[in-house]
Amino acid sequence: MKRLCGDRINKKAEQEACRLTENPLLNSGRSITCSKGDPAHGYSSTPWKASARRHWTKYLIYREENKKTSAGSVSILGNLQEHIHEVNTVPMERPLDATTMENSTSSCFVMERKTHVKINRKEVMLTKLRKSCSCTPKKLKNFVMDFLPVLRWLPKYQCKEYIWGDVMSGLVIGIILVPQAIAYSLLAGLKPIYSLYTSFFANIIYFLMGTSRHVSVGIFSLISLMVGQVVDRELLLAGFDLNDDFPPATGDGSLQNDSQFNTTAFNLTIAGMNAECGKECYAIGIATALTFVAGVYQVLMGIFRLGFVSMYLSESVLDGFATGASLTILTAQVKYLIGIKIPRSQGHGMLVITWINIFRNISQANLCDVITSAICIVVLVTAKELGDRYKHKLKFPLPTELVVIVVATLVSHYGKLNEVYASSVSGAIPTGFIPPKVPHFNLMLRVAVDALPLAIVSFVFTVSLSEMCAKKYAYTIRANQEMFAVGFCNIIPSFFHSFATSAALAKTLVKTSTGCQTQVSGVISAMVVLLVLLFLAPLFYSLQKCVLACIIIVSLRGALRKFRDVPARYHVNKVDTLVWVITMFASALISTEVGLLVGIVFSMLCIIVRTQRPRTALLGQIQDTSFYEDDSEYENLSSIPKVKIFRFEAPLYYANRNYFLKSLYRLTNLDPNLEVARRKKYKKKGKQHMKKEDHTIANGLGIGETTLQLVPKQIDFQALVVDCSSISFLDTTGVNTLKEILKDYKDLNISVLLACCNPSVIDSLKSGGYFGKDFGSMQEMLFYSIHNAVQFAKDQKLQADCPV
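Every chain begins its residue count from 1, and numbering advances along the sequence as written. Reporting of local features is limited, given that this is a predicted model, to residues whose pLDDT is at least 70; pairs of side-chain atoms are given and counted only at 80 or more, and all residues count toward the totals for whole chains, interfaces and linings. Heavy atoms throughout the structure, all of them, feed into the side-chain values; hydrogens and water do not.

Caption draft 1: Structural view of the overall build of the protein. Only DSSP runs of H or I with at least four residues qualify as helices, and only runs of E with at least two residues qualify as strands; both kinds are numbered from the N terminus onward. Within the protein one finds 31 helices and eleven strands. Burial classes follow relative accessibility: with a 1.4 Å probe on protein chains only, a residue under 20% of its type's maximum area counts as buried, one over 50% as exposed, and anything between as partly exposed. Counting all 804 residues of the protein, 49% fall into the buried class. In the protein, of all internal contacts separated by at least 6 residues, the share reaching a separation of at least 24 is 80%. By the convention used here, residues are in contact when the closest approach between their heavy atoms is within 4.5 Å.

Rendered as structure tokens:
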């Protein structure tokens, strides 16, 4: 059993000494300050007789040497007790202040580390591997139930209690989903039919595999934008003109009639595709390949349990990314709002280039589209604001988007806005399902890098929303299963001409506010989309694209409102605000993928900088307590004579070693290396002076002046206490740094004491040889509190000052 509190006195003798200090007559003054466990703690100098002081000095010597027996300790304490009794019988010249003595002895405790049994990691891994590879009926059943959580909760579904809320929320989400799916197809650069496919399959698959009861998975604006940027880039590299719209479909909008436009006059060999493939065909091929690879990444991350990657996307990074991407989305929709045809910018700086082209072509704006956009935005924003204000009175949100789309489609159709005013319309949306097709492998290789940020963003948004709902409604989710669910929401639909999906915040909030209880509501939403796919899709032929652009822009209200939170965010944390600003500007001005990467790297650099240049301070004692705080931050702190207490608020490792030393030397006003060099210089000069005296005899004044000049700098402390409470770990450089200051200060007769070290730091110090080979001096170098270290330093000083 090792004692690390700095006292080596026999425990029985020490407890007896502590008991003797409980006499209130001995606590009238503080002329001698000792630890709470010392018998002289709080003794007054008035009643303290010379003989008692002599016994106290012997007692201190005993404590440090620890060579006498317990009987000798008892005899010394007996003599001390006699003199204390003698002091108590002496009449006092003045009334004594009634002070309360702490009965607990802060330096009288013993700590013993637990012995941890060494684990044979090889055997553990082999056991786990054998267990995971074994196959039993029970294990197979659990695997299937875990992989398809619907098998666990659906048999327990309480129909009477849940069905009404699920049906209502499913219908509302389905009604909202249809216009949003058609609108977000503009962001992805694809036909509206593919957005409807995406929404349908995502809801069905998440119903089977998801663990969240309330998340709405489907088409999402940020994910659609990321897909659209990759599609536009690949179309441009393939030689297609991005300014041309897809050929206008005619006829009844059936798949057979529309399929002729999937192949055009282009006979291309693109990425190994030796077939006739037009712009629309190639665009959806890129999107499905990108979606498939992103899904594979997510499944692999789930298999290898790499969900921790999401931890590097802080709230500031995600908010900045969403806001910057929202600015990009808004910019991309302006041309549809005012009905102009401008080149679709691609690559870095797309936002700036697009705005330049908008202002250059502003004179070509379509008046019909401008008026329609203004009316739709006013109606949508007004309805949203009223809905937010009176949401507590509404059982479900108003289906404003659907109403706007229906009315706008009717006006456009009967007013012949496309024929008369050349207003751009959606065109025919086919009914039914296109036969499934395997994504092309060569295209996967082209988009493999782009799929990685897409996979991470999709997973992070889904898990974040799932955890938010689980916390709000008191249930748990499995993040690893969520990764599988989102992954298969991308892999399986990619065979059915769908693109990447994610959970969407706006629809999730609507879902929870309309009484959703389980993912049965997702099936209801999928049925609404299926109804549109099978029967109602051709009715949206005359829908103006400017109306879809208005729906997209209004849906960005939440992300754009983040600008109003900047002052409050800055007040809370300036570094997080800087991360938000950098990520937002990078996402908007460079590209979304680069912006996300810049945000992650910059936020990690901020953490590194914080550990490289952390707060450092000298501590002072809070009066009449055993607590110590930053002397530069608090008033009325008492400095400890001949003791400096240094706090370093970060791990000590190779990156901040120099800052640790510089801060220590600056705050203590002493660089031991310079002081040692200075003393050697003084010593050398002294020897030279003595040699001169052998040849010439100086006068008295001259000798005195020379002697004064050779006196080295006086050091105002004899002990340095390092508060290690904020040092979470030490690397090899950190241990060597502490060993270095121990040696350097020892050359100046200054003791270095460590306080409040956690077990990890203690183990690193032991392994690094800080305490020597046999740890014999450990109890004099390591303390469990700052106060213990300070009292030990005072005991050392008292021992040096009191003659035996």
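That was the structure; now back to the text.
Caption draft 2: Fine view of the packing of helix H11 (residues 279-303) against helix H17 (residues 441-472). Direction vectors running N to C along H11 and H17 enclose 55°, while the axes themselves pass 7 Å from each other. Judged by the inter-axis angle, H11 sits oblique to H17. Here H11 and H17 pass one another in a crossing that is right-handed. On the side of H11, the interface is formed by Tyr282, Gly285, Ile286, Ala289, Leu290, Phe292, Val293, Ala294, Tyr297 and Gln298, while H17 contributes Leu443, Met444, Arg446, Val447, Ala448, Asp450, Ala451, Leu452, Leu454, Ala455, Ser458 and Phe459. Basically, the charged four are Asp, Glu, Lys and Arg, the nonpolar ten are Ala, Val, Leu, Ile, Met, Phe, Trp, Tyr, Cys and Pro, and anything else, Gly included, counts as polar. Of the residues in the contact of H11 with H17, the class split is 17 nonpolar, three polar and two charged. Here an angle of 0 to 180 degrees is reported between the N-to-C directions of two axes, which are lines fitted to C-alpha atoms, with helices fitted over the stretch in contact. These descriptions rest on fixed angle ranges, namely under 35 degrees for roughly parallel, over 145 for roughly antiparallel, 65 to 115 for roughly perpendicular, and the rest for oblique. By definition, turning the near helix anticlockwise from the far helix through less than a right angle yields a left-handed crossing, and turning it clockwise yields a right-handed one.

Caption draft 3: Up close: the packing of aromatic side chains. Under the pairing criterion, centres of Phe, Tyr and Trp rings, with the six-membered ring standing for Trp, must be within 6.5 Å; the plane angle then separates stacked pairs below 30 degrees from edge-to-face pairs above 60, leaving the rest tilted. In total, this model carries 23 aromatic pairs according to the counting rule given. Between Tyr157 and Tyr162, the ring centres sit 5.6 Å apart and the planes meet at 65°, which makes this aromatic pair edge-to-face. Pair check on accessibility: Tyr157 and Tyr162 agree, each one buried. Through a chain of ring-to-ring contacts, the aromatic side chains of Tyr194, Tyr197, Phe200, Phe201, Phe433 and Phe496 assemble into a single cluster. A ring is scored as having a charge over it whenever the NZ atom of a lysine or the CZ atom of an arginine sits within 6 Å of its centre and within 35 degrees of its normal. In this arrangement the basic side chain of Arg213 is found over the ring face of Tyr475, its NZ or CZ atom lying 4.3 Å from the centre. Here the basic side chain of Lys574 rests over the ring of Tyr570, its NZ or CZ set 5.1 Å away from the ring centre.

Caption draft 4: Main features of unusual backbone geometry. The phi torsion at Ala422 lies on the positive side, around 60°, for a residue other than glycine. Following the sequence through the fold, Ala422 ends up in the loop between helix H16 (417-421) and H17. Judged by relative accessible area, Ala422 falls into the exposed class, the value being 58%. The phi dihedral of Asn749 falls on the positive side, at around 60°, and the residue is not glycine. Here Asn749 is to be found in the loop between helix H29 (732-746) and strand E10 (751-755). For Asn749, a relative accessible area of 69% corresponds to the exposed category.

Caption draft 5: Up close: helix H21 (residues 545-554). Counting buried positions along H21 gives ten out of ten residues, so the element sits mostly inside the fold. Looking only at H21, the buried set comprises Lys545, Cys546, Val547, Leu548, Ala549, Cys550, Ile551, Ile552, Ile553 and Val554.

Caption draft 6: Structural context of the pairing of strand E9 (residues 717-723). Of all the seven residues making up E9, six are buried; the element is thus mostly covered by neighbouring parts of the structure. The pairing criterion is simple: DSSP has to find at least two bridges between the two strands. Examined bridge by bridge, strand E8 (residues 642-648) and E9 share six bridges and lie parallel to one another. Bridge pairing in E9 links Lys642 to Phe717. The sheet contact formed by E9 and E10 spans five bridges and is parallel. Residue Ala719 lies in a different strand from E10, and its bridge partner there is Ser751. Here a crossover is taken to be right-handed if, once the strands point away from the viewer, the path from the first strand over the helix to the second is traced clockwise. Taken together, E9, H29 and E10 constitute a β-α-β crossover, and its handedness is right-handed.

Caption draft 7: Focus on the side chain of Arg557. As for its placement among the helices and strands, Arg557 is situated in helix H22 (residues 557-560). Arg557 gets classed as buried once you look at its relative accessible area, which sits at 19%. If near-sequence neighbours (up to four positions away) are discounted, Arg557 is found in contact with Lys384, Glu385 and Asp388.

Caption draft 8: Seen up close, the pattern of salt bridges. Salt bridges are defined as contacts in which a side-chain nitrogen from Lys or Arg sits within 4 Å of a carboxyl oxygen from Asp or Glu. The tally for this structure, following the rule as stated, stands at 20 salt bridges. With a closest N to O distance of 2.9 Å, Asp146 and Arg152 form a salt bridge. Residue classification places Asp146 among the partly exposed positions, given a relative accessible area of 30%. Of the residues examined, Arg152 reaches a relative accessible area of 35% and is grouped as partly exposed. Across the pair Glu675 and Arg678 runs a salt bridge whose closest N-O atoms are separated by 2.5 Å. You can see Glu675 and its partner Arg678 sitting in helix H27 (residues 672-695), three residues apart, about one turn around the helix. Given a relative accessible area of 0%, Glu675 falls into the buried group. Judged by relative accessible area, which is 31%, Arg678 ranks as partly exposed.

Caption draft 9: Main features of the pairing of E10. Within E10, four of the five residues are buried, leaving the element largely enclosed by the surrounding structure. Once the chain exits E10 it traverses helix H30 (residues 759-767) before rejoining the sheet at strand E11 (residues 782-783), and the crossover so formed is right-handed.

Caption draft 10: How the structure looks around the environment of Ser195. Looking at the element boundaries, Ser195 is found in helix H8 (residues 192-209). For Ser195, a relative accessible area of 0% corresponds to the buried category. Spatially, the C-alpha atom of Ser195 lies 6.3 Å from that of Ile182, the residues being 13 residues apart in sequence. Look past the residues within four positions of Ser195 in its chain and what remains in contact with it is Ala181, Tyr184, Ser185, Ile219 and Phe499.

Caption draft 11: Structural view of a nonpolar patch on the surface. Within the patch definition used here, like charges are joined within 9 Å and nonpolar side chains (Val, Leu, Ile, Met, Phe, Trp, Tyr) within 5 Å, considering only residues with over 30% relative accessible area and no salt bridge. Surface exposure here means Shrake-Rupley accessible area, sampled with a 1.4 Å probe, where a residue is shielded only by the protein chains that are shown. Among the surface-exposed residues, Leu300, Ile303, Phe304, Leu306, Phe308, Met311, Tyr312 and Met604 lie close enough to one another that they form a single nonpolar patch of about 800 Å² accessible area. Residue classification places Phe308 among the partly exposed positions, given a relative accessible area of 40%.

Caption draft 12: Layout of helix H12 (residues 315-338). Expected helix span is given by 1.5 Å per residue-to-residue step, counting one fewer step than there are residues. For H12, with 24 residues, the first-to-last C-alpha span of 35 Å sits near the 34 Å given by 1.5 Å per residue. Take the seven residues that end at a residue and the seven that start at it, fit an axis to each, and the angle between those axes is the bend at that residue. Ala332 marks where H12 bends most, by close to 30°. Counting buried positions along H12 yields 20 of 24 residues, so the element is predominantly enclosed. Of the residues flanking the end of H12, it is Gly339, one or two places downstream, whose phi is positive at about 70°.

Caption draft 13: Focus on the environment of Arg615. Considering the arrangement of structural elements, one finds Arg615 in the loop between helix H25 (592-612) and strand E5 (616-622). Sequence spacing of Arg615 and Phe660 is 45 residues, and the spatial spacing of their C-alpha atoms is 10.0 Å. Ignoring any residue separated from it by four or fewer positions in sequence, one finds Arg615 in contact with Asp630, Glu633, Arg647, Phe648 and Glu649. Any pair of nitrogen or oxygen atoms within 3.5 Å is treated as a polar contact; in protein, a donor-acceptor pairing is required on top of that, and neighbouring residues in sequence qualify only through side-chain atoms on both sides. Within the structure, Arg615 has its side chain in polar contact with the side chain of Asp630 (distance 2.9 Å).

Caption draft 14: Up close: the packing of H8 against helix H20 (residues 520-536). Packing of H8 against H20 brings their axes to within 8 Å, and their N-to-C directions diverge by 155°. Put simply, H8 runs roughly antiparallel to H20. Considering the relative orientation of H8 and H20, their crossing is left-handed. From H8, Ile193, Leu196, Tyr197, Ser199, Phe200, Asn203, Ile204 and Phe207 reach across to H20, where they touch Val520, Gly522, Val523, Ser525, Ala526, Met527, Val529, Leu530, Val532 and Leu533.

Caption draft 15: Quick look at the confidence of the model for the protein. For the protein, mean pLDDT is 80; residues scoring 70 or higher make up 78% of the total. Across the chain, each position has a pLDDT score giving the predictor's confidence in that residue, from 0 to 100. Contacts of residues 246-275 to residues separated by more than four positions or lying in other chains number 62 contacts, the stretch itself having pLDDT below 50. Contacts of residues 703-708 to residues separated by more than four positions or lying in other chains number three contacts, the stretch itself having pLDDT below 50.

Caption draft 16: Spatial organisation of the side chain of Gln481. Mapped onto the fold, Gln481 is located in helix H18 (residues 479-494). On the basis of relative accessibility, which here comes to 4%, the residue Gln481 falls in the buried class. Setting aside anything within four residues of it in sequence, one finds Gln481 in contact with Asp146, Phe147, Pro149, Met209 and Thr211.

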